[in-house]
Amino acid sequence: MQDNVEYGYKGKTPSETTFNFLSALGDVAFAYAGHNVVLEIQATIPSTPEKPSKGPMWKGVVVAYVVVALCYFPVAFLGYYMFGNQVADNILISLHKPKWLIAAANLFVVIHVIGSYQIYAMPVFDMMETLLVKKMKFKPTWILRFWTRNIYVAFTMFVAITFPFFGGLLGFFGGLAFAPTTYFLPCIMWLAICKPKRFSLSWCTNWICIFLGLCLMILSPIGGLYNIIKQAKDYKFYS
């Protein structure tokens, strides 16, 4: 544990504290997202009227979120306990020893990113290749797939190196991109399909989720953008 650890608000003014809080909500939405690939995964599961895919899919989702919680919450609680409000957006930056543990953690991050990147980027790959084949009349060969995917990976790497505002970007994209698919679009779809009785428990619950999700989508990017602008004031490209 470091000396002189402070557990108060990191923001020096009420407005700064509010923006940090909104950005943190976006971070949570980003951490617990994944709905952009859920349908892709469920589409690969065999489904029949007797054994629909929603059964094993529900079990898989529950297990996935439990594993995520077991991994994220201890790191969040222990990181805040050890470093207080000065913990870095990437907690590995705050660690200085033991070196073997830092090296192992970074190695596991690389392994995790290599696997998860393929899953998250697969819909983007499919969209780009479909556009090139159907609209621009490219031949659907392995050469097209090789160059398209490598150019996309190189572009995202260039953007990540150029704008390394980790916390702000998580808050911004977590609220803007992941909050809709996580919190209120599924509720809207469920209400439109199932049509529950008005003012019933399920009806009210879904509308509350829609309202909170919409607020999250609007407010979190504001906090994330504030942190990006704040960090960009003293940032030097490729320094």
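Reading guide: rules and limits
- Residues numbered from 1 in each chain as written.
- Predicted model: local features only at pLDDT ≥ 70, side-chain atom pairs only at ≥ 80, totals over all residues.
- Heavy atoms only, no water.
- Helix = DSSP H or I, 4+ residues; strand = E, 2+ residues; numbered from the N terminus.
- Polar contact = N/O pair within 3.5 Å; in protein donor to acceptor, adjacent residues only side chain to side chain.
- Contact = heavy atoms within 4.5 Å.
- Disulfide = S-S within 2.5 Å.
- Buried < 20%, exposed > 50% of the residue type's maximum accessible area, 1.4 Å probe, protein only.

Structurally, asparagine 206 is set in helix H8 (residues 201-232). A distance of 2.7 Å separates a polar atom in the side chain of asparagine 206 from the backbone oxygen of serine 202. Each residue touching asparagine 206, except ones within four places of it in the same chain, is listed here: Cys187, Trp190 and Leu191.

Its location among the elements puts proline 186 in helix H7 (residues 166-194). Separated by 24 residues in sequence, proline 186 and threonine 162 place their C-alpha atoms 34 Å apart. Once residues lying within four places of it in the same chain are set aside, the contact partners of proline 186 are Pro180 and Thr181.

Within the structure shown, the criterion is met by zero disulfides. You can see cysteine 194 has no disulfide; the closest cysteine sulfur is in cysteine 187, sitting 11 Å from it. A relative accessible area of 43% means that cysteine 194 is categorised as partly exposed.

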